[in-house]
Amino acid sequence: MNRKKTRKIKVGNIYIGGDSPITIQSMCNTDTRDITSTIKQIKELESAGCDITRCAVPDMEAAEALKKIVKNVNIPIVADIHFDYRLALKSIDNGVSALRINPGNIGNIDKTKLVAEAARSKGIPIRIGVNSGSLEKELLNKYGKVCPEALVESALKHVNILESINFNDIVISIKSSNVMQMIESYRMISSKVDYPLHIGVTESGTIWRGTIKSSIGIGTLLSEGIGDTIRVSLTGDPVEEVKVGKEILKALGYKNDGIEFISCPTCGRTNIDLIKLAGEVEKKLSSCNKNLKIAIMGCVVNGPGEAREADIGIAGGNGEGLIFKKGKVLKKVKEEKLIEELMNEIKNM
């Protein structure tokens with residue numbers, strides 16, 4: 001697929017847009033003022049494969065806490081700020097790599113200039129974040145409802161403010177909890193600007209429902225070449241957001257590191273507890289960073305053939321199963337030894 005070439009923006013020690021890889025973002029759900037808990041969660045996100053993490057900055061105490069947080073983590077931190085330009089200035093002083101702030105919501109143009117000049121001096125980009133739940137009243141009155149046209153107009157209004165003061169290190173997000181509205185909004189803004197886009201379905205729900213909505217919304221746009229950085233918004237542990245994000249990128253071929261897991265849905269030919277088997281294998285491989293495609297199949301008749309593109313896999317039988325590589329059978333193993341033998345083979349690959 002052809003990915004749209006956008007501007008390349010530096011965020012800490014990585015890049016967004018241009019020819020840089022699509023990055024995965026998340027947001028801490030800890031209280032930023034609780035420095036220990038926030039650092040712990042960011043390190044968990046780092047280990048899961050998160051590229052950029054955002055922290056809420058509701059007050060000056062949280063802005064001050066960022067100084068220690070930034071010094072104790074390895075990935076870029078984005079300060080999420082609403083309304084108060086002083087929180088942005090303090091966050092910049094304390095070493096964040098980016099701001100999430102809407103310039104039209106922090107007061108007059110002089111305050112916006114102060115933030116933009118401070119960000120420019122440190123090479124810090126600003127992400128404009130438009131959300132369907134907080135659309136300006138004048139735009140709601142103009143369009144009569146939340147719609148892609150209104151969301152895009154809101155984003156462009158904030159962009160124009162920054163451009164008017166010669167600030168161009170901009171990333172844009174236009175999020176909605178309505179998947180189709182989100183897709184159309186990003187298509188529209190992508191046709192109008194060349195700034196990198198941060199894509200996601202906001203408030204998508206619990207891990208199960210949110211994963212489905214996010215996969216459809218984010219996946220559709222990425223398949224069209226739209227999007228430079230993603231965030232899967234889930235009600236739950238933010239580490240789950242990163243896991244889902246990685247799988248979306250893998251499914252579309254944008255990421256090929258780590259395990260790709262294939263398993264069949266089972267049918268009347270299945271003579272092994274494949275659901276349990278697949279769950280145990282997936283759990284054991286959750287921290288494996290080898291670039292492998294692994295298949296767990298329920299049928300010894302068709303399993304190796306159907307999953308011949310897998311690097312290694314299991315095909316279950318009646319009380320026993322086959323271990324195969326690239327569609328060719330390696331050995332026959334008793335059911336109770338299948339996982340152990342598979343893990344030994346993977347360890348040696």
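Below: a short report on this structure.

Procedures and definitions
Residues numbered from 1 in each chain as written. Predicted model: local features only at pLDDT ≥ 70, side-chain atom pairs only at ≥ 80, totals over all residues. Heavy atoms only, no water. Helix = DSSP H or I, 4+ residues; strand = E, 2+ residues; numbered from the N terminus. Expected span 1.5 Å × (residues − 1). Buried < 20%, exposed > 50% of the residue type's maximum accessible area, 1.4 Å probe, protein only. Contact = heavy atoms within 4.5 Å. Salt bridge = Lys/Arg side-chain N within 4 Å of Asp/Glu carboxyl O. 1 Å grid on protein atoms, 1.4 Å probe; cavity = no way out; pocket = protein on both sides within 12 Å on 5 of 7 lines; lining within 4 Å. Points joined across faces, edges and corners; volume = space filled by probe spheres on them. Nonpolar A, V, L, I, M, F, W, Y, C, P; charged D, E, K, R; others polar. Axes fitted to C-alpha atoms, helices over the stretch in contact; angles between N-to-C directions. Parallel < 35°, antiparallel > 145°, perpendicular 65-115°, else oblique. Left-handed = near helix turned anticlockwise from the far one by under 90°.

### Here's the deal with helix H1 (residues 35-48)
An ideal rise of 1.5 Å per residue puts 20 Å on 14 residues; H1 measures up with 20 Å between its terminal C-alpha atoms. Looking at H1, one finds that the buried residues are Thr 38, Ile 39, Gln 41, Ile 42, Leu 45, Glu 46 and Ala 48. Where H1 is buried, its residues meet strand E3 (23-27), strand E4 (52-56), helix H2 (60-71), strand E5 (77-80) and helix H9 (238-251). Backbone geometry just after H1 places Gly 49 at a positive phi near 110°.

### Re unusual backbone geometry
Only a minority of non-glycine residues have a phi that is not negative, and only a minority of peptide bonds are not trans. Positive phi, close to 75°, is recorded for Phe 83, a residue that is not glycine. Along the chain, Phe 83 turns up in the loop between E5 and helix H3 (85-93). The class for Phe 83 is exposed, based on a relative accessible area of 59%. For Asn 166, which is not glycine, the phi dihedral falls at a positive 60°. Relative to the elements of secondary structure, Asn 166 occurs in the loop between helix H6 (148-164) and strand E8 (170-175).

### Some details on the pattern of salt bridges
Tallied over the entire structure, the rule returns 24 salt bridges. For the salt bridge of Glu 247 with Lys 250, the shortest nitrogen-to-oxygen distance reads 3.5 Å. Here Glu 247 pairs with Lys 250, and both are found in helix H9, just 3 residues apart, close to one helical turn. Overlapping salt bridges bring together Lys 325, Lys 331, Glu 341 and Glu 345 as one network.

### A short note on the environment of Leu 274
Position of Leu 274 relative to the elements: it lies in helix H10 (residues 274-284). Since its relative accessible area comes to 2%, Leu 274 is described here as buried. Distance from Leu 274 to Ile 296, taken between C-alpha atoms, is 7.7 Å for residues 22 residues apart in sequence. Sequence-distant contacts of Leu 274, defined by excluding residues within four places in its chain, comprise Cys 264, Thr 266, Ile 296, Met 297 and Gly 298.

### Notes on empty space enclosed by the protein
In total, this model carries 3 cavities of 30 Å³ or more according to the counting rule given. Within this model, the largest cavity holds a volume of roughly 80 Å³. Surrounding the largest cavity, Val 11, Ile 16, Gln 25, Ile 52, Val 78, Ala 98, Leu 99, Pro 125, Arg 127, Val 171 and His 198 form its lining. When the residues that make up the lining of the largest cavity are grouped by side-chain class, the tally is 8 nonpolar, 2 polar and 1 charged. What the second largest cavity holds in volume is close to 40 Å³.

### Some points on the packing of H2 against H3
Where H2 meets H3, the axes come as close as 8 Å, and the angle between the chain directions of the two elements is 15°. With respect to H3, the axis of H2 lies roughly parallel. With respect to the hand of their crossing, H2 and H3 are arranged in right-handed fashion. Residues Met 60, Ala 63, Glu 64 and Leu 66 of H2 form the contact with H3, whose own contacting residues are Arg 86, Leu 87, Lys 90 and Ser 91. Grouping the constituent residues of the contact of H2 with H3 by class yields 4 nonpolar, 1 polar and 3 charged.

Function cannot be read off these values alone, since they describe shape.
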